[in-house]
Structures are given as C-alpha cells and as structure tokens.
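Here is what each chain is made of, one letter per residue.
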Amino acid sequence: MSDTQRDILSAGFSLALIALTGFVMQRFFLPLVWAGILCVATWPLYLRVRAALGQRPIIAAAVLTLAFACIFIIPVLLGVAQAAREVPMLANFVVNANSNGLPVPGWVAQIPLAGNAIGDWWQATLSQPHGLGHFFAGSAVGGFHSARDMLKILGADVFHRLVDFGLAFLCLFFFYKDGEALTRQITAIGSHFLRPERWGRYAQKIPTAIRATVNGLVLVGLAEGVLIGIAYALAGLPSPALWAFATGILAIIPFGAPLAYLCAAAVLLFQAKVGAAIGVAVWGTVVLFVADHFVRPGMIGNATRLPFLAVLFGILGGVETLGLVGLFIGPVVMVLFVTLWYEANVFDSAPPATAASNRGATPASPAAPERTQ
C-alpha cells in the first residue's frame, strides 16, 4: 500500500469517526454549546474566583457553577410561583367568557374610524355564548386541546428543558475545571491545520465576540425589562414584577419585547385603562427602539469592531437559522468573516515583492481584542 493510499484511508477513518461521534452526541449539542458560551463569557470571573480560593480549580468551578445555577433557577421559580397564582383567575375568566360571552368593552367604541365595525363584529362573535370557543375552533389551530392533553404536552416539554438545563450546568463545571487544558488542546489542533499565526488571529476574536454579545443581549434585555416594568407598575398592571420578568427574558431576543408589553397593553385595555395602555405601548416602543438600534449594536460593535449591519445581521440571522443559541453564534460568525475580509483585503493590496512576507503578519484590521486563557 502506498503512502497516498494510506493517507486517504487514514483521513476517511478520521472523518467516519467524527461523523459517528456527532451522530451519537447530537442530542447533547445544545447543552454543550450553552455551557461553552457561558464558560467563555464568564472565564475572567472564574479566574478571579479561583485566585480568591487559593488556586483550587474544582472548588472554584463548583462555586461558580452553583452560583449561576441559582441565578437562573431562582427567578424562574419565582415566576412560576407567581404564574401559578394567576392561572386559576385566568382559567376562570376564559371559562366564563366562553360560557356566557365576552361583553364589548367600552373603549372599543372610542377607536377612531373602525370602532363601530369592531363593536358589531365583537357583539356578533365574542359576546355570544361559546363564541370564544367557536372563534378559536375556526382558526388554524383546529380547536382547543383538552386540559389533560395540554398538561401532557407541557410536562414533556418542561422535562426536556430541565434535562438540557442540568446537562448544560454539568458541562459548565467541567469546562471551568478543565478549561485551560481544553484550550491548549484546541490550540494545538487548530495550529496543526492552520499556521499558528493565522489560528491565533482568529481564535483571539471568539472570546471577545461572545462576551460582547452576552453583555449586549442579556444585560440590555434585562435593563429593558426593568425600564418597561416601571411603566407597568405606574399603569396599575396586575403583577407588574412578573410582567417585567417576562419582558426582560423576551427582550434578550431582538424585537421580542413587543410580545410582552403589547400583551400588557391589551390587558390594560380590557380593564378600560385606555390612557395607561397607550402609555405602556408608547414607552415600550421608545425603549425598544433605542436599545435595539443604538445601545445593543453599539455595545457589541465597539467591542468586536464590527460595523452596525454586521452586528444586526449576525444577531437576526443567527436567531433565524439556529434559534435562541444563534443570538450568540451569529455575531461570532460575523466577527470571523470580517477578520477574513480584512485578511484578504490586506493580502490582495500588498505589493508583489512584499506579499510573501506579509503572509504571516497580522492584517491591518481593527484592534485585536484581548486573548483569554
């Protein structure tokens, strides 16, 4: 057997082994990715905790993992508890509205131009007994699920989310504990297939992009929830803290906050608080516009040296193609692409006599972010 044939077989064996591993591990990719994102985003904090604990990596990893688990779990438990107290009231409202009909609210007649038409439609449909059920039964949903079916669907979904949640934090612990060794191994593999200079040029961009995206999405989203939550409290919305929590979670996704504050405005409309509903909708739109168009792209773009459109397309395209985890992967992909763009631009513009010497040099791209680990 020749050396070429042996190399081909060796490459085929390696690819087959990688494909088989991916097939076996496909169920756990999402927890691994979430754990990796959180580990990279909080690695400087882990180093400080480890130093404070006398360079004990296992203890530091356990403390930080438990701390982040509590940060995620406690608000969710509080939200679930508050929602559980509100569910019976909402269920009674829906049952009564479906059995006896839903009267036309007084504010409907005040709607300019279309108020009378909406009132007539409401009177002919939702105000009739079982009109709410007929309204939903005629939609694309195809009718109501029974309570038992809904509990089964919800229970299975919650169970899978809890499993992913636990696996993500288990992976996070080991990523903290073995992070430096794992980084050395990844660097060795990357440098083997690419030149060490080029691998370092790309690898140093990833941690900065992830941290900037986490700060720009999570922190800004939570700030949106706080600001809009103040409007909920001033407007007299029931359970404003729960609504603010839901708004903050949805605000992490660009343009996700309107789903929360417009529903809150609808609740205020049903309570005949027209002015408060308009105020919540307007204030939420202003906060969302400023955060999503100026604050968030600025935080991410300034840290990663990305243009505004690259940040926007990275976030929205990541969500469109990869779901929620694409919020963080999309900007990273755009950072690597822009790095490649600058690299190719420098190589193409270099004089022929010096192009070869520039192959190993860092391109004249924006200032490189700090390296980690």
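Residues numbered from 1 in each chain as written. Predicted model: local features only at pLDDT ≥ 70, side-chain atom pairs only at ≥ 80, totals over all residues. Heavy atoms only, no water.

(A) Broad picture of the overall build of the protein chain. The helix and strand inventory of the protein chain stands at 15 helices and 0 strands. Counting across all 373 residues of the protein chain, residues that qualify as buried make up 32%. (Helix = DSSP H or I, 4+ residues; strand = E, 2+ residues; numbered from the N terminus. Buried < 20%, exposed > 50% of the residue type's maximum accessible area, 1.4 Å probe, protein only.)

(B) Structural detail: the environment of Ala264. Checked against the element boundaries, Ala264 lands in helix 11 (residues 258–270). For Ala264, a relative accessible area of 0% corresponds to the buried category. For the pair Ala264 and Ala244, spaced 20 residues apart in sequence, the C-alpha to C-alpha distance is 9.9 Å. For Ala264, the contacting residues outside a window of four places in its chain are Tyr232, Leu237 and Trp243. (Contact = heavy atoms within 4.5 Å.)

(C) Quick look at the packing of aromatic side chains. According to the stated counting rule, one finds 9 aromatic pairs in the structure shown. An angle of 75 degrees between the planes, with centres 5.6 Å apart, marks the rings of Trp34 and Phe328 as edge-to-face. Here Trp34, found in helix 2 (residues 29–52), pairs with Phe328, found in helix 14 (residues 326–349); they are 294 residues apart in sequence, far enough to count as distant. Using a relative accessible area of 6% as the deciding quantity, one classes Phe328 as buried. Measuring from centroid to centroid gives 6.5 Å for Phe72 and Phe165, while their planes differ by 70 degrees, and the two rings are edge-to-face. Here Phe72, found in helix 3 (residues 57–100), pairs with Phe165, found in helix 6 (residues 147–177); they are 93 residues apart in sequence, far enough to count as distant. (Phe/Tyr/Trp six-rings, centres within 6.5 Å; stacked < 30°, edge-to-face > 60°.)

(D) Local environment of unusual backbone geometry. In the Ramachandran plot, Gln55 falls in the positive-phi region, its phi being about 55 degrees despite a non-glycine side chain. Within the element layout of this structure, Gln55 appears in the loop between helix 2 and helix 3. Using a relative accessible area of 48% as the deciding quantity, one classes Gln55 as partly exposed.

(E) Fine view of helix 1 (residues 3–25). Taking 1.5 Å per residue as the helical rise, helix 1 with its 23 residues ought to reach 33 Å, and the 33 Å between its terminal C-alpha atoms agrees with that figure. The element helix 1 is largely exposed, with a buried count of 0 among its 23 residues. (Expected span 1.5 Å × (residues − 1).)

(F) Looking closely at the environment of Lys205. Relative to the helices and strands, Lys205 is located in helix 9 (residues 205–235). With a relative accessible area of 7%, Lys205 lands in the buried category. As for Lys205 and Thr339, which are separated by 134 residues in sequence, their C-alpha atoms are 8.5 Å apart.

(G) Region of the structure containing the packing of helix 2 against helix 9. Orientation of helix 2 relative to helix 9, taken along the N-to-C sense of each, is 90 degrees, at an axis distance of 9 Å. In terms of their interaxial angle, helix 2 and helix 9 are classed as roughly perpendicular. Of the residues in helix 9, those touching helix 2 at Ile37, Val40, Ala41, Trp43 and Pro44 are Pro207, Ile210, Arg211 and Val214. Counted by class, the contact of helix 2 with helix 9 contains 8 nonpolar, no polar and 1 charged residues. (Axes fitted to C-alpha atoms, helices over the stretch in contact; angles between N-to-C directions. Parallel < 35°, antiparallel > 145°, perpendicular 65-115°, else oblique. Nonpolar A, V, L, I, M, F, W, Y, C, P; charged D, E, K, R; others polar.)

(H) Looking closely at the pattern of salt bridges. In this structure the tally under the stated criterion is 3 salt bridges. In this structure, Arg27 engages Asp164 in a salt bridge whose closest nitrogen and oxygen atoms are separated by 2.7 Å. Taken together, the residues span a long stretch of sequence, with Arg27 in the loop between helix 1 and helix 2 and Asp164 in helix 6 at a distance of 137 residues. Classification of Asp164 as buried rests on a relative accessible area of 15%. A salt bridge links Glu180 to Arg50, with the shortest nitrogen-to-oxygen separation between them at 3.0 Å. (Salt bridge = Lys/Arg side-chain N within 4 Å of Asp/Glu carboxyl O.)

(I) Local environment of the packing of helix 9 against helix 11. Two elements in contact, helix 9 and helix 11, have axes separated by 11 Å at closest approach and are oriented at 5 degrees. By the angle between their axes, helix 9 is roughly parallel relative to helix 11. For the pair helix 9 and helix 11, contact is made by Ile228, Tyr232 and Ala235 and by Ala260, Tyr261, Ala264 and Leu268, respectively. Partitioning the contact of helix 9 with helix 11 into residue classes produces 7 nonpolar, no polar and no charged.

(J) Structural context of the environment of Glu180. One can find Glu180 in helix 7 (residues 179–193). Only 3.0 Å separates the side chain of Glu180 from the side chain of Arg50, close enough to count as a polar contact. (Polar contact = N/O pair within 3.5 Å; in protein donor to acceptor, adjacent residues only side chain to side chain.)

(K) Summary view of the confidence of the model for the protein chain. Of the residues in the protein chain, 79% have a pLDDT of 70 or more, and the chain-wide mean is 78. Taken element by element, the protein chain is modelled with least confidence in helix 15 (residues 352–355), mean pLDDT 48, and with most confidence in helix 2, mean pLDDT 90. Segment residues 139–147 is flagged for pLDDT under 50; beyond a separation of four residues in sequence, or across chains, it makes 7 contacts in the model. Below a pLDDT of 50 lies the segment residues 353–373, which in the model reaches 35 contacts outside its immediate sequence neighbourhood of four places, other chains included. (pLDDT = per-residue confidence, 0-100.)

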